Structure formats: C-alpha cells, structure tokens
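Structural description and commentary
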Amino acid sequence: MNKSNKRAIIVGNWKMNNNRAQTESLIKSLRPLVKNANCDVVICPPFTSIETAISKAAGSNMQIGAQNCHFARSGAYTGEISAYMLKEIGVSHVILGHSERRQYFAEKSSTVHLKLLSALDAGLTAIVCVGETLKQHENKTTTEIVSIQTKVALKGLRIEQMKNVIIAYEPVWAIGTGKTATSNQAAQVCGTIRKTVEQIFGSSASQALRILYGGSMNPTNCECLLSKDDIDGGLIGGASLRPADFSSIINFAGKNR
Ligand code: 13P
C-alpha cells in the first residue's frame, strides 16, 4: 500500500492538562482552525474533561480519545477505568503504553498487551506507544527494544484486529525535552516497527498500519518528519495545547498526502 492511500492522523495527548473550562475553550478555538483538515484528528484529554471535549467537538472532524484504560471489563480495581466505560461515553481511541505510564506507573509491555486486547474488544482504536530510553538510545539497542515492545504488545492478535491498531514511536529522550529524533532516525525506527509487524501479520497488514512519530513535534519540524514514507502522522504533547501550533501540524499532515 502506498502512503498516499492511507489517511494521516494527528493525535493530541494533553497529558494531565486542561480542566473542563480550559477544554471547552481549547476545543472552541481549534474547531475553525482544523475544519478543513484532510487527516484524522484525535484529542486525548484527561478523563475528567473527556465528556466536555466530546460535547464541544460534536459535529466537528475531531474525535476524542483517552490516555489510558484498564485491562478488565469491570471489577475491584480502585481508581481505574475500563475500555468499555470509555466506549460507552463516546471515546473512539485510547493511548496505551505511553512512556510516562511505563516510567511512573511501572507499566510493562505485557500489561500493554492485556490493555490492547481489552480496548479492541470494547471497539476502541488503540494507539500503542513504543520507544527507547536515553540509555538504550546511547547503547544503540533501539531496534531491539522497539521490536520487542511491538511483538509483546501485539502477541496473539488476529490479523483483522490490526485495522484498529496504530503504533506510535516515541523516543523517551525526545518527549517534552525539545530534542527531536532526526527525521531519518525516526523514519528508520518506524521502518523497523513496520518490518516487525510484517514478520507477524504479513505485508498487506504492515503496509496498511499507521505509524506515528511523537517527541517534541512542532510546526517547524513536522514537515521533515511527516514527509517520511514510514511516518503516517504524529502524537503531539506540548504543541497540542496551543491551537495555532497544533492546527498547523494538522493542516500540514493533511496536505502532505
Ligand atoms: P511532546 O510533544 O511534549 O514532546 O510530548 C510527546 C508525547 O509524549 C506525546 O504523547
């Protein structure tokens, strides 16, 4: 499959930012700025702002995602929220295995795998994050780390489930640091992810898979990154909190097909 046959996707990960009033105002500012976007646009607010985001984005081309979910449908898991609960309120996507969850909440690839099964079963599209730490980057083990994370997360999935999976390559050392992987580095690792998926699911599933880059993407560096063959979109943190920056990334991604 040629890259131009795939719709680009730009996802905003707001992390733990924006209460309901701020969510309302940010979505209101974004609506006119992204209304002609020729790519998928997903915004992932914190749980408490999701319903506000869904109601304020209604009738627009923005979909609303979550930043995490639990792997069980329901049960004695204090403080957790299931994929089915997210689906029930109109969430379309969920980010899984973000490096901040791996780092601060000891989330492992095997847990990401369980969450992925649950998210897909609930009818969500999952954005599975993989990426190496600075130490792993310096030790030149990126390829190995990223392909193991990918394999463990996708273990045992049926090929048709891959339609609802997106993989995001986020080098941990590039998140919120202002450091970006060069477009060639990022494209090379995204190519490794695609090859790993090809080994498991074959060429047509791997070609159809959308792979995102995340880590200090902004309006200045997005052009180089998004023009690479193996990069089908972006997972944006800081810049997604600024309507002008986020919309210029979105509008560039839509044009670049
Ligand atoms: P920044 O764009 O702020 O580096 O964050 C990237 C990220 O973690 C998105 O999930």
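Below: a short report on this structure.

**A few points about the environment of alanine 53**
- You can see alanine 53 is positioned in helix H2 (residues 47–57).
- For alanine 53, a relative accessible area of 0% translates into the label buried.
- On a C-alpha basis, the gap between alanine 53 and threonine 182 in space is 33 Å, while along the polypeptide they are 129 residues apart.
- Excluding its chain neighbours within four sequence positions, the residues that come into contact with alanine 53 are Thr23, Ile27, Pro45 and Ile64.

**Looking at the sheet that holds strand S5 (residues 125–130)**
- Strand order in this closed barrel of eight strands is S1-S2-S3-S4-S5-S6-S7-S8, and the pairing throughout is parallel. If you compare each strand with its neighbour and ignore which way they point, the axes differ by 25 degrees on average.
- As judged from the four bridges shared by strand S1 (residues 9–13) and strand S8 (residues 233–236), these two strands associate in the parallel manner. Looking at S8, one finds that glycine 12 is bridged to isoleucine 236.

**Things to note about the site of the ligand**
- Not every one of the 13 residues close to the ligand is listed here, only the nearest: Lys15, His98, Gly176, Ser216 and Gly238.
- Serine 216 has a polar backbone atom sitting 2.7 Å from an oxygen atom of the ligand.
- Contact with the protein chains hides 95% of the accessible area of the ligand, taken as 310 Å² for the molecule alone.
- Taken together, the residues that form the shell around the ligand break down as four nonpolar, seven polar and two charged.

**Observations regarding the packing of aromatic side chains**
- Within the structure shown, the criterion is met by two aromatic pairs.
- Relative to tyrosine 77, the ring of phenylalanine 71 lies with its centre 6.2 Å away and its plane at 65 degrees, an arrangement referred to as edge-to-face.
- Arginine 73 extends its terminal NZ or CZ atom over the ring of tyrosine 84, reaching a point 3.9 Å from the ring centre.
- Lying over the aromatic face of phenylalanine 105, arginine 101 brings its terminal NZ or CZ to 4.3 Å of the ring centre.

Thresholds, definitions, all that
Residues numbered from 1 in each chain as written. Predicted model: local features only at pLDDT ≥ 70, side-chain atom pairs only at ≥ 80, totals over all residues. Heavy atoms only, no water. Helix = DSSP H or I, 4+ residues; strand = E, 2+ residues; numbered from the N terminus. Buried < 20%, exposed > 50% of the residue type's maximum accessible area, 1.4 Å probe, protein only. Contact = heavy atoms within 4.5 Å. Pairing = 2+ DSSP bridges. Axes fitted to C-alpha atoms, helices over the stretch in contact; angles between N-to-C directions. Near = heavy atom within 4 Å. Polar contact = N/O pair within 3.5 Å; in protein donor to acceptor, adjacent residues only side chain to side chain. Areas by Shrake-Rupley, 256 points an atom, 1.4 Å probe, with all protein chains shown as cover. Nonpolar A, V, L, I, M, F, W, Y, C, P; charged D, E, K, R; others polar. Phe/Tyr/Trp six-rings, centres within 6.5 Å; stacked < 30°, edge-to-face > 60°. Lys NZ or Arg CZ within 6 Å of the ring centre and 35° of its normal.

By themselves these figures say nothing about function.
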